Amino acid sequence: MQIGIFSQEANAKRAADQLKKSGIASTIRTETAKGKTFWRVVAGPAGSAADRTALLTKIKGLGFPDAYAVSR
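Residues numbered from 1 in each chain as written. Predicted model: local features only at pLDDT ≥ 70, side-chain atom pairs only at ≥ 80, totals over all residues. Heavy atoms only, no water.

K.L.:
Give a detailed account of the side chain of Gln2, specifying residues and quantitative values.
P.N.:
Mapped onto the fold, Gln2 is located in strand S1 (residues 2-6). Using a relative accessible area of 6% as the deciding quantity, one classes Gln2 as buried. A polar contact is formed between the side chain of Gln2 and the side chain of Arg40, at a distance of 3.0 Å. Residues contacting Gln2, with those up to four places away along its chain left out, are Arg40, Val41, Val42, Asp66, Ala67, Tyr68 and Val70. (Helix = DSSP H or I, 4+ residues; strand = E, 2+ residues; numbered from the N terminus. Buried < 20%, exposed > 50% of the residue type's maximum accessible area, 1.4 Å probe, protein only. Polar contact = N/O pair within 3.5 Å; in protein donor to acceptor, adjacent residues only side chain to side chain. Contact = heavy atoms within 4.5 Å.)

Following this line, the structure appears as structure tokens:
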């Protein structure tokens, strides 16, 4: 699940910490596009479609309404 893309690393870390406190594994990926660095927070994995749906529901309930499923 992609949680969000952040222009500041501290904000990405806060999001990842919030997920961790709720028992959700996440990763922060540092990426660059057009000369600008950004941080993408992704959570998971989820093995089945039902697991993905449950994880997405939990993540959205934590205050990340724009989260969506992505392939790692």
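K.L.:
So what's going on with unusual backbone geometry? Which residues, and what values?
P.N.:
Residue Gly44 is joined to Pro45 through a cis peptide bond whose omega torsion reads 15°. Along the chain, Pro45 turns up in the loop between strand S3 (36-43) and helix H2 (49-61). We note that Lys34 has phi near 55°; this positive angle belongs to a residue other than glycine. Secondary-structure assignment places Lys34 in the loop between strand S2 (26-33) and S3.

K.L.:
With reference to specific residues and values, describe the environment of Thr27.
P.N.:
Note that Thr27 resides in strand S2. Judged by its relative accessible area of 31%, Thr27 falls in the partly exposed class. Put simply, Thr27 and Trp39 are 12 residues apart on the chain and 9.9 Å apart in space, counted from C-alpha to C-alpha.

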